[in-house]
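What follows is the residue order along each chain.
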Amino acid sequence: MSEILTPEPASASEMLHDDEQVLDPLADVEEGAAKNRAKVGTARPSSLLYTYGPGAIMDLPGFSVMPAGLDDWEPIWKRREHIPTILEPRLLNVVRLHLGPQVDTLRRYPWQPKKGAMSKEGSDLGVPARVFPQWLRCTGCDFLGPLPRFSYTNTHPFRPDLAQFSHKSCPGRGGQKTGSTSRKRESPAVPAQHLLTCTNGHLDEFPYKLWVHRGGTCPKAENPDLKMRDANVGKSVGSTITCASCGATRGMAEAQGAIGREKIPQKCRGRHPHLNAFDAACDAQPALIMMGASNLWFSSTQRIIVMPRTDAEEKEALADKLRAELGVDQVQKFGEQIPVIRALATARDIDLTGVTDDDIAEAVADVLAPADSEEVRHEKLAKWDPVELLVPEWRYLQKPSLFPQQQNSSGLMVTEMQRGTRLHSRISRVVAVNQMKRVNAVLGFTRLDEMDRVNDLVSRLVKLTRNGKPAWVPATEDRGEGIFLQLDLDAVHAWEQEIRDSPLWEAHTLAHHNNFERRFSETAKVVDPGTRLPSPRYWLLHTFAHILIREMAMSCGYGAASLTERIYGWTETPEREAAAGLLICTAASDSEGTLGGLVALSEPTRLQGLVVSALRRTARCSSDPVCAMRTPRDPEDFLHGAACHCCTFASETSCEKANRFLDRRFVLNLPTAAGDTVPGFFGSVDAL
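Read on for a plain summary of the structure. (Residues numbered from 1 in each chain as written. Predicted model: local features only at pLDDT ≥ 70, side-chain atom pairs only at ≥ 80, totals over all residues. Heavy atoms only, no water.)

1. Describing the overall build of the protein chain
Piece 1. Helix and strand counts for the protein chain come out as 19 helices and 30 strands.
Piece 2. The buried share of the protein chain, taken over its 688 residues, is 51%.
Piece 3. Counted over contacts in the protein chain with a minimum sequence separation of 6, partners at least 24 positions apart contribute 70%.
Piece 4. Accessible surface, the protein chain: about 30900 Å² in total, of which carbon and sulfur atoms supply 50%. (Helix = DSSP H or I, 4+ residues; strand = E, 2+ residues; numbered from the N terminus. Buried < 20%, exposed > 50% of the residue type's maximum accessible area, 1.4 Å probe, protein only. Contact = heavy atoms within 4.5 Å. Areas by Shrake-Rupley, 256 points an atom, 1.4 Å probe, with all protein chains shown as cover.)

This is how it looks when you write it as structure tokens:
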């Protein structure tokens, strides 16, 4: 669990206007600049990767914070002479392709395990965060004001959940009185929920003073006090803002929708709260968004399953080690003196056992080789396909003879399993993944709309550092287990050709086109929607994976939210062979692995019964016939067919496509709204 750190707010200028402020919460506490503690909460590495990364809003019991950009992580990391890194050249190359050749390493989150419950190991590490939103509302008197108008308390060493902002001179609603004297009290404050964002990923406070005065200033006070009152039942939707000085009132409901967007500021200020900085210019129009909205932050990540490295990859890994541990300057200075490089590497705990001088010379040449120009990198990025990360994994799983030889070299251990006699004939292979290691890296994030592919429009990917060129990115290393199922490739090809000519596929194609054009982002202007529609075999594998996850969760000992899918489904191209397989796995980043309950289901008798049960269960849904016959019709743009929460949808932690591209009719023979039957890949449920 990584600690979330935030300093005590010092002043309005420091918290709201200084766009070059260096954030070091632990230094603030150690230097005695604050009486309050830095720790305000904890988060799992997986949460920081997919839910609460830099730029996201993390809702704490008393207030909310935003994890800071990577520039502010440096003071935390400098507390360690040696910074732990994750070495995986295949993933690092993808990160460099997207963010630039200056990215040297993949770093873990700043965390250190403790020997005991009361130990202090790692207490000087944590993820720095800023308080955001920085406009708060008093729960006692509805006073609405900026952060410095409230008092901050975080003094309990073991209860960071008690940290909160409060309004010390709260008079209460209506001026509660005891006798003839107004009673002052201290009331907790909560974040004001309204924010402004744009498609370029900027996020800003809502301009409440301008809003309530309709773009002007208060005629009676330079800095008037405001109040935010929630609407009563039966009145208008949303909160109401009132100026205590002039009495001006305006409801927040006016700012909602397309009409409301014309009433809020038309020019974005280009603010990045996680960087405490502003971009020079932004041509996007801001939109109102609520603090807890699901489209406020979408992580852009890439992940791989670690495979045994080839000789070329081993040499590349050595170059990455030298680049990360010694630095380019030292390698350049002593590059021609191989014994010196060897001595420096050994001093940095780089294992050079079996590494020849020629290998070191090649690694040095790799470190010193000039990087591709920006034009060349962008050309490669435009041609890059995320499937390229999956191809090596698919090819490795096609060679069972390699399994026993490679089980200890990469953390991957797999076993070819026998097929059960009653297992459906269209499942051609079963592989038990006894042990696996998965590495995940953060590239950035987007707002308002998630990008299908991170290279669709690079400008929409919000930067993680102020200069937009990080030297490293956060990453996690998960260990776990899984089951790989491969479908009959010839049967999948024949079925796919039949499906492509069906009215159902035409309906899904049109819905995808409509959905692509109606997004907030500019992706549709530069990308052909047809190139982003997964093939029918992906829909089949994706749906099959979901029904297996739901069924396996009842037998393996892990919750459905702990199981994830990895789909290998693409048609043949000149660059790669066709694939049709799926991996159901579970992994944890804060332990040495999992308990074996999932891989135990690969035993032939158990698996064949589980598959039959899953297919029979998916033939019926409590929402049928509405669910079974759901087909998008123009102008509808939903990206699923016969699928819903009752039968097929999985949790957001399990699905790689956010419950899109699912249809039970691709798995089994089920009727459509037109009355005909789509040929399901596994046929009729009666034949199982």
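Structure's up, so let's keep going.
2. Things to note about the packing of aromatic side chains
Piece 1. Taken as a whole, this structure holds 22 aromatic pairs when the rule is applied.
Piece 2. Aromatic side chains Trp 495 and Phe 681 sit 6.1 Å apart centroid to centroid with 85 degrees between the ring planes, which places their arrangement in the edge-to-face category. Here Phe 681 lies in the segment after β30 (677–678) and Trp 495 lies in helix α15 (residues 489–500), a separation of 186 residues in the sequence. Comparing Trp 495 with Phe 681, the two get one shared label, buried.
Piece 3. A centroid spacing of 5.8 Å and a plane angle of 75 degrees characterise the contact between Trp 539 and Phe 666, whose relative ring orientation is edge-to-face. Here Phe 666 lies in the loop between α19 (604–618) and β29 (670–671) and Trp 539 lies in helix α18 (residues 536–552), a separation of 127 residues in the sequence. An identical accessibility class is assigned to Trp 539 and Phe 666; each is buried.
Piece 4. In textbook terms, an aromatic cluster arises when at least three aromatic residues are bridged by ring pairs, as seen for Trp 495, Trp 505, Trp 539, Phe 544, Phe 661, Phe 666, Phe 681 and Phe 682.
Piece 5. The ring of Trp 211 carries Arg 250 above its face, with NZ or CZ at 3.7 Å from the centroid. (Phe/Tyr/Trp six-rings, centres within 6.5 Å; stacked < 30°, edge-to-face > 60°. Lys NZ or Arg CZ within 6 Å of the ring centre and 35° of its normal.)

3. A look at the pairing of strand β25 (residues 427–446)
Piece 1. By the criterion of burial, β25 is predominantly enclosed, with 17 of the 20 residues buried.
Piece 2. Bridge analysis of strand β23 (residues 298–305) against β25 gives 8 bridges, and the strand direction is antiparallel. Following the sheet pairing, Ile 304 is matched in β25 by Val 439.
Piece 3. Summarising the sheet, strand β24 (residues 413–417) and β25 pair through 5 bridges and their orientation is antiparallel. Within β25, the residue paired with Met 413 across the bridge is Gln 435.
Piece 4. Where β25 lies against strand β26 (residues 472–487), 12 bridges are found, and the strand directions are antiparallel. (Pairing = 2+ DSSP bridges.)

4. Here we look at the nonpolar core
Piece 1. With 46 residues, the main nonpolar core has Leu 487, Phe 544 and Phe 682 as its most contacted residues.
Piece 2. Within the residue set of this core, elements represented by two or more residues are β25, β26, α15, α16 (503–517), α18, β28 (579–588) and α19.
Piece 3. Top contributing element to this core by residue count: α18, with 10 residues.
Piece 4. When sequence neighbours within four positions are dropped, the list of residues in contact with Phe 544 reads Ile 427, Leu 485, Leu 487, Leu 582, Val 611, Leu 615, Val 667 and Phe 682.
Piece 5. Judged by nonpolar contacts, the second largest core, of 35 residues, contains Val 65, Trp 73, Cys 138 and Ala 189. (Core = buried A, V, L, I, M, F, W, Y, C linked by side-chain atoms within 4.5 Å.)

5. Examining the sheet that holds strand β2 (residues 39–43)
Piece 1. Taken together, the 5 strands give an open sheet; going across it, the order is β2-β1-β7-β4-β3, and neighbouring strands pair in mixed fashion. The open sheet is flanked by β2 and β3 (58–59), the only strands paired with a single partner.
Piece 2. Sheet topology places strand β1 (residues 2–5) next to strand β7 (residues 127–131); 2 bridges connect them, and they run parallel. Across the sheet, residue Ile 4 finds its bridge partner in β7, namely Val 127.

6. Here's the deal with the sheet that holds strand β9 (residues 143–146)
Two pairing modes exist for strands in a sheet, parallel and antiparallel, and in both the strands are linked by backbone hydrogen bonds.
Piece 1. Within the open sheet, the 8 strands sit side by side as β10-β11-β14-β8-β9-β17-β18-β19. Their pairing is antiparallel. The sheet is open, and its two edges are formed by β10 (151–153) and β19 (249–251), each paired on a single side. Neighbour-to-neighbour, the strand axes of this sheet turn through a mean angle of 35 degrees, independent of strand direction.
Piece 2. With 3 bridges connecting them, strand β11 (residues 164–170) and strand β14 (residues 185–191) associate as antiparallel partners. When the bridges of β14 are listed, Cys 170 appears paired with Arg 185. (Axes fitted to C-alpha atoms, helices over the stretch in contact; angles between N-to-C directions.)

7. Structural notes on the side chain of Arg 250
Piece 1. Note that Arg 250 resides in strand β19.
Piece 2. Judged by relative accessible area, which is 8%, Arg 250 ranks as buried.
Piece 3. Here Trp 211 takes part through its backbone oxygen, which lies 3.0 Å from a polar atom of the side chain of Arg 250.
Piece 4. Polar contacts involving the side chain of Arg 250 include one to the side chain of Glu 254, which spans 3.2 Å.
Piece 5. Here Arg 250 is in contact with Trp 211, Val 212, Arg 214, Thr 240, Ile 241 and Lys 263, once residues within four sequence places are set aside. (Polar contact = N/O pair within 3.5 Å; in protein donor to acceptor, adjacent residues only side chain to side chain.)

8. Side note on the packing of α18 against α19
Piece 1. Running from amino to carboxyl end, α18 crosses α19 at an angle of 110 degrees, the nearest separation of the two axes being 9 Å. Classified by the angle between their axes, α18 and α19 sit roughly perpendicular to one another. Between α18 and α19 lies a crossing whose hand is right-handed. Two secondary-structure elements touch here, α18 through Phe 544, Ile 547, Leu 548, Glu 551 and Met 552 and α19 through Leu 610, Val 611, Ser 613, Ala 614, Leu 615, Arg 617 and Thr 618.
Piece 2. For the contact of α18 with α19, a count of residues per class yields 8 nonpolar, 2 polar and 2 charged. (Parallel < 35°, antiparallel > 145°, perpendicular 65-115°, else oblique. Left-handed = near helix turned anticlockwise from the far one by under 90°. Nonpolar A, V, L, I, M, F, W, Y, C, P; charged D, E, K, R; others polar.)

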